[in-house]
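# Structural overview for review
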Amino acid sequence: MDQSLKDLALGDAEKQWFVESRFGLFIHWGLYAIGARHEWLMSREEIAPEVYERYFELFDPDAYDPRLWAKRARAAGMKYAVLTTKHHEGFCLWDSAVTDYKATNTPSGRDLVAEYVEAFRAEGLKIGFYHSLIDWHHPDFPIDIFHPLRNHPDAARLNESRDVRRYADYLHAQVEELLTRYGKIDIMWYDFSYPGRSYKGLAGKGRNDWNSEKLLATTRRLQPGIIINNRLDLLDLPGFVPDIMTPEQYTPRVAPTVKGEPVTWEACHTFSGSWGYDRDEETWKDAEQLIKLLVGTVSLGGNLLMNVGPTARGLFDDRAVDALKVYEDWMTLNGEAIHGAGVADIEPPRDCRYTQKGNRLFLHIFSWPFRHIHIDAMDGKLEFARFLHDGSEVKWLTHSKDVDSNVGVTVPEGMITLELPVKKPNVTV
Ligand code: JFZ
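Residues numbered from 1 in each chain as written. Predicted model: local features only at pLDDT ≥ 70, side-chain atom pairs only at ≥ 80, totals over all residues. Heavy atoms only, no water.

Glancing now at unusual backbone geometry. Omega for the peptide link from Asp191 to Phe192 comes to -15°, which places this bond in the cis form. The topology assignment puts Phe192 in the loop between β4 (187-191) and β5 (198-199). Of note, Glu46 is a non-glycine position whose phi angle comes to about 50°, a positive value. On the accessibility criterion, Glu46 (34% relative accessible area) is partly exposed. (Helix = DSSP H or I, 4+ residues; strand = E, 2+ residues; numbered from the N terminus. Buried < 20%, exposed > 50% of the residue type's maximum accessible area, 1.4 Å probe, protein only.)

Below, the structure is given as structure tokens:
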């Protein structure tokens, strides 16, 4: 691989804000909010572009006030946000010069991206753009495995007039707009590549289709400090390591590596299974799941990008508001154990997680042990233990050396304050 591509990766210092943030808001918003049954409905239901355009004609999020969104995100302890500027449906939330398929041409008439950037920046959050590489509306995007017209009897013939190079020019022109019109952008989240996959002879797409190397270079040139994710299909180029890895809807069992080296990573998850607003979805995560997801991710050294799919009116659904409130309540008391915290160099007890920040070790108790919890010995370095939520002292007992739970472990230099960021439940023991 050429050296230039390797030089495009960010150094640790430039990613420090990201790692310390630990928690961000993903926002999937587009015409699919009207369908309200998953952001992939155009593909799943094989809706032809001209039929899907009905949503375009009806799009009018009269209640959109991103200042409200930003306030809720900040209150939940989130430090950055990533908004879908365009999802696979091809609809653009900003006033792009290279398409008519954009928010400013709907009854809404507003540049939704501009308002988002201003509102989230005003709340002190870093600004991210999700941008779909896939585009099911663009006339030059070749019909492929996921395309709504994949089962069209003339798909192969229709593809003869579709030129992916023209589509790539469009993609690059739009990225240029997004990265030059809105000031400093902190994250670019491209999505996604699927080379080597095929369906009825229709090929998948990857770096040759997107012209990924150039897209990466352009992104870096226009926004030198921007964090760029890993979905451009560049991973198998020797020596190349993306700024971040983005495991989706699962939290890895161990921290991910790339080419044998630890890597900065961010798990993305949903409140309810779907990314776009899904009115009838019933699998909303409960408070315990939400907290465990965040703690579990940070305990492995990752970030959590938690998603909300706003409604077609531009509001967060009540269930999303409740979920954000869960985070708000917990983070208000326990945010110390998340922001700037990461992997602890010590094994947690069963059903527990550790996060650590300097000489403060946070023990997250996933299932309350009632009377005692046995933690590994810390060679006398344990200085003080207390609950994080109220600062109150927790007394501990030291067992003799032959008790299993006291077998020595390696801990960092210096004394440690152990803090327990879980409220003791109201039970009599
Ligand atoms: C992608 C999007 O398709 C999805 O709508 C959402 O935006 C999510 C965050 O990212 O999800 C994927 C990515 C990769 C595959 C499938 C869905 N894949 O490789 O099959």
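Structure shown, so let's carry the discussion forward.
Looking now at the pairing of strand β3 (residues 126-132). Burial of β3 is extensive: six of the seven residues sit out of reach of the surface. Where strand β2 (residues 80-86) and β3 come together, six bridges link them in parallel fashion. Bridge pairing links Ala81 to Ile127 in β3. In the classification by handedness, the crossover that spans β2, the intervening helix α7 (residues 112-122) and the parallel β3 is right-handed. Here β3 runs beside β4; their pairing, made up of five bridges, is parallel. Each residue of the ladder has a partner; that of Gly128, found in β4, is Ile187. (Pairing = 2+ DSSP bridges. Right-handed = clockwise from strand over helix to strand, strands pointing away.)

Let us now look at the nonpolar core. Within the largest apolar cluster, 87 residues are counted, with the highest numbers of intra-cluster contacts made by Leu25, Trp29, Tyr116, Phe120, Phe129 and Tyr327. Discounting chain neighbours no more than four positions away, the residues touching Tyr327 are Phe23, Ala76, Phe271, Leu290, Ile291, Leu293, Leu294, Leu304, Met306 and Thr332. (Core = buried A, V, L, I, M, F, W, Y, C linked by side-chain atoms within 4.5 Å. Contact = heavy atoms within 4.5 Å.)

The next thing to look at is the pairing of β4. Most of β4 sits inside the fold, with five of its five residues counted as buried. Burial along β4 is two-sided: the residues Ile187, Trp189 and Asp191 and Met188 and Tyr190 are all buried. Pairing of β4 with strand β7 (residues 227-228) involves two bridges; the strand directions are parallel. What sits directly across from Met188, in β7, is Ile228.

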